[in-house]
Amino acid sequence: MNLDFSYQNPTTIYFGKRAMEHLSSEIKGYGRTIMLAYGKGAIKKSGLYDQVVAILKENGKNIVELSGIMPNPTYEKVEEGAKLVRENSVDLILAVGGGSVIDCAKAISVAAYCEGDAWTRYWLKFEPVDHKTVPVAAVLTLAGTGSEMNAGSVITNEAMKLKMGRVFPSNINPEFSILNPEYTFTLPVYQMASGIFDMMSHLMEAYFSGNDDVTTDYMIEGLLRSIINSAKIAIKDPGNYEARSNLMWSSTLAMNPLLGLSKTQDWEVHMMEHQLGAYTDCAHGMGLAAISLPYYRYISKYGLDKFARFAKVVWDIDEMNKSKEELAFAGIDALEKFAKECGIVTKLKELGATKEMLPLIADSTVILHGGYKQLTKEEVLEILKAAY
Ligand code: NZQ
Ligand code: ZN
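The shown structure was predicted, so the numbers you read here are calculated from the model rather than taken from an experiment. (Residues numbered from 1 in each chain as written. Chains lettered and ligands numbered in written order. Predicted model: local features only at pLDDT ≥ 70, side-chain atom pairs only at ≥ 80, totals over all residues. Heavy atoms only, no water.)

Examining the overall build of the chain
As a reminder, the rule being used: Numbered from the N terminus, helices here are DSSP runs of H or I no shorter than four residues, and strands are runs of E no shorter than two. Only the C-alpha atoms count toward the radius of gyration. The rule for a globule is 2.2 Å times the residue count to the power 0.38. Partly exposed describes any residue whose relative accessible area lies between the buried limit of under 20% and the exposed limit of over 50%, with all areas from a 1.4 Å probe on protein chains only and scaled to the type maximum. Residue contacts are defined here by distance: any two heavy atoms, one from each residue, within 4.5 Å place the two residues in contact. For accessible areas, the Shrake-Rupley method is used with a probe of radius 1.4 Å. Any residue's cover is judged against the shown protein chains and nothing else. For this count, His and the chain ends are skipped, Lys and Arg are scored as positive, and Asp and Glu as negative. Where a charge lies is defined by one atom per residue type, namely NZ (Lys), CZ (Arg), CG (Asp) and CD (Glu).
When its secondary structure is counted, the chain shows 15 helices and eight strands. For 388 residues, the compact-globule estimate of 2.2 N^0.38 gives 21 Å, and the C-alpha radius of gyration of the chain, at 20 Å, lies within 12% of that figure. Across the 388 residues of the chain, 59% fall into the buried class. Long-range pairs, those at least 24 residues apart, make up 78% of the contacts in the chain between residues at least 6 apart in sequence. Of the roughly 15800 Å² of accessible surface on the chain, 52% is carried by carbon and sulfur atoms. Separation of charge centres in the chain, based on 39 positive and 47 negative side chains, amounts to 3 Å.

Here's what the structure looks like:
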C-alpha cells in the first residue's frame, strides 16, 4: 500500500431480512419531521411504502413526502426538495429507493441551506460545504451504486445538459442504511443487470490503474469473482436470497470507497457515461457496459500487465500459448460474454443515443488522467463511435 490514505465510513449498516426492525430505534434520535423521499412508485407497488410509513407514524413522526424522484435525478428535483426541507424544518431525509433517490436526498441535504446556487457551488466549482446540512438515511431497493454507504451524489442539470458527480466529505454519507436483499426481488431484470454492471465498473475503474502490488487489487479481484458468480445465479433465479444478498453487499463495498484505497484510479468510463446519461437518460449501468468494452479494448495496450492479470485471475483464462495481448483481449471478451448472458445492453444505439449526439457527448466529457492512457476528445469520440 504505497499511497497514504485516511479512511472513515460513518454509515451504520443494518443488513438482512430483519434489517427494518432497526428503523424504529434509529429514528428516535432525530427530531419530529421526516422527509420521506422516493421514486416513481415501485415502493408503493411492493408494499415497502406502507411498511415505512407505519413505522414513522408509530413513532409519532410528522411525514413530509417528496415523491417522483426520477432515475438520473435532476437539479430541478433537488430544488423542489430543498424548498420542502426549509418550509417544514425537516430533521431527517429518509431516502427509500435506488441510487437516484439516495443521491437526490444527499443533494437536497446540502442544497437546502446553501446561500447562492448549490449547483454552481457544489457540482461545478466543487466548493466545500460550510453551512448546516440535513441528516440523510436510506432504505435501499436496488444494488449497484453504493450510494447507501458513500457521500457521492450524481445530479443532472437538464438545462445545461450536464450530469455531474460529486463526492462530499463523509458527513454527507447516510447516517444509517437498511439493506434487506429481499427488497430487490421486485426489480425488473433489466435494472438488476444494470446494477450488476455498475458495481463491476466501480471495481474496474479502480483496478485498471497503476501496477503496484496493493492489497486493494486483490480485494477487487475477489469481489469481482463473487459478483460474477452471484450474478449468473440471480439472473436465472431472481428470488435466490443468497445471490441477491451477495450482490447487495458487494455493491456496497465496491463504492464505499474502501476498494479504491491507496491506488491511482481511472473513472474515465464513468465520465463518458455521465454525459451519455445527460443526453439519453439511459440506465447508468447499461451505458457503462456499452462504453467499457471498446474503451478497454483501446487502452489495454497501455496497461497490458493488468489486463492480462484480469483475464487470469478474474476470468480463470488459461495463459498457455497466448501472448500477453491475446490474454488481455480474452479477458475483455469474457467480460462481454458475461454482460450479454446477463442481458446487459452493449450498444449505445439501443440506449437512445443518436449519431448526432456522439460529438456533443464527447465534447462535454470530463477528461481524467488516472487511467493507463489520458484520452483526447478525438479518442473519446472514436470510443463512442465504436460503442454505437
Ligand atoms: O422510480 P422508482 O419507482 O423507484 O423505480 C426505480 C427506477 O425506475 C426502479 N426500482 C428501484 N428499486 C426497485 C425498482 N423497481 C422495482 N423494484 C425495486 N426494488 O429502478 C429504476 C432505476 O432506479 P435508480 O435509482 O435510477 O437506479 P440506480 O440505483 O442504478 O441509480 C442510478 C443513479 O445513481 C448514480 C447514477 O449516475 C444514476 O444517476 N450513481 C451514483 C453513485 C454514487 N452515489 O456513488 C455512483 C454511481 O457510479 C452512479 O453514478
Ligand atoms: Zn457507477
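Some thoughts on the side chain of Lys77
If you trace the backbone, Lys77 turns up in helix α4 (residues 75-88). The class for Lys77 is buried, based on a relative accessible area of 10%. Residue contacts for Lys77: discarding those within four places in its chain leaves Leu66, Ser67, Gly68, Ile69, Met70 and Cys104.

Quick look at the packing of helix α11 (residues 284-299) against helix α13 (residues 324-341)
Condition: Axes here mean lines fitted to C-alpha atoms, for a helix over just the part in contact, with angles spanning 0 to 180 degrees between N-to-C directions. Orientation is classified from the angle alone, with under 35 degrees giving roughly parallel, over 145 giving roughly antiparallel, 65 to 115 giving roughly perpendicular, and any other angle giving oblique. Polar here means any residue other than Ala, Val, Leu, Ile, Met, Phe, Trp, Tyr, Cys and Pro, which are nonpolar, and Asp, Glu, Lys and Arg, which are charged; Gly is therefore polar.
Running from amino to carboxyl end, α11 crosses α13 at an angle of 180°, the nearest separation of the two axes being 10 Å. By the angle class used here, α11 and α13 are roughly antiparallel. Listed contacts from α13 to Leu293, Tyr296 and Arg297 of α11 are Phe329, Ile332, Asp333, Leu335 and Glu336. For the contact of α11 with α13, the residue count by class is five nonpolar, no polar and three charged.

What about α11?
We apply this condition: What a helix should span is 1.5 Å times the count of its residues minus one.
Compared with the 22 Å implied by 1.5 Å per residue over 16 residues, the 22 Å span of α11 between its first and last C-alpha is a close match. Counting buried positions over the 16 residues of α11 gives 14, a clear majority of the element.

Thoughts on the packing of helix α7 (residues 189-207) against α11
Think of two packed helices as two axes; the pair is described by the angle between the axes and how far apart they sit. Basically, it comes down to this: Take the far helix as the reference: if the near one is turned anticlockwise from it by less than a right angle, the crossing is left-handed, and if turned clockwise, right-handed.
Between α7 and α11, whose axes approach to 7 Å, the crossing angle comes to 45°. On the basis of their axis angle, the class for α7 and α11 is oblique. In this structure, α7 crosses over α11, and the sense of that crossing is left-handed. In contact with Tyr190, Ala193, Ser194, Phe197, Asp198, Ser201, His202, Met204 and Glu205 of α7, α11 contributes His284, Gly285, Met286, Leu288, Ala289, Ser292 and Tyr296. Taken together, the residues that form the contact of α7 with α11 break down as eight nonpolar, six polar and two charged.

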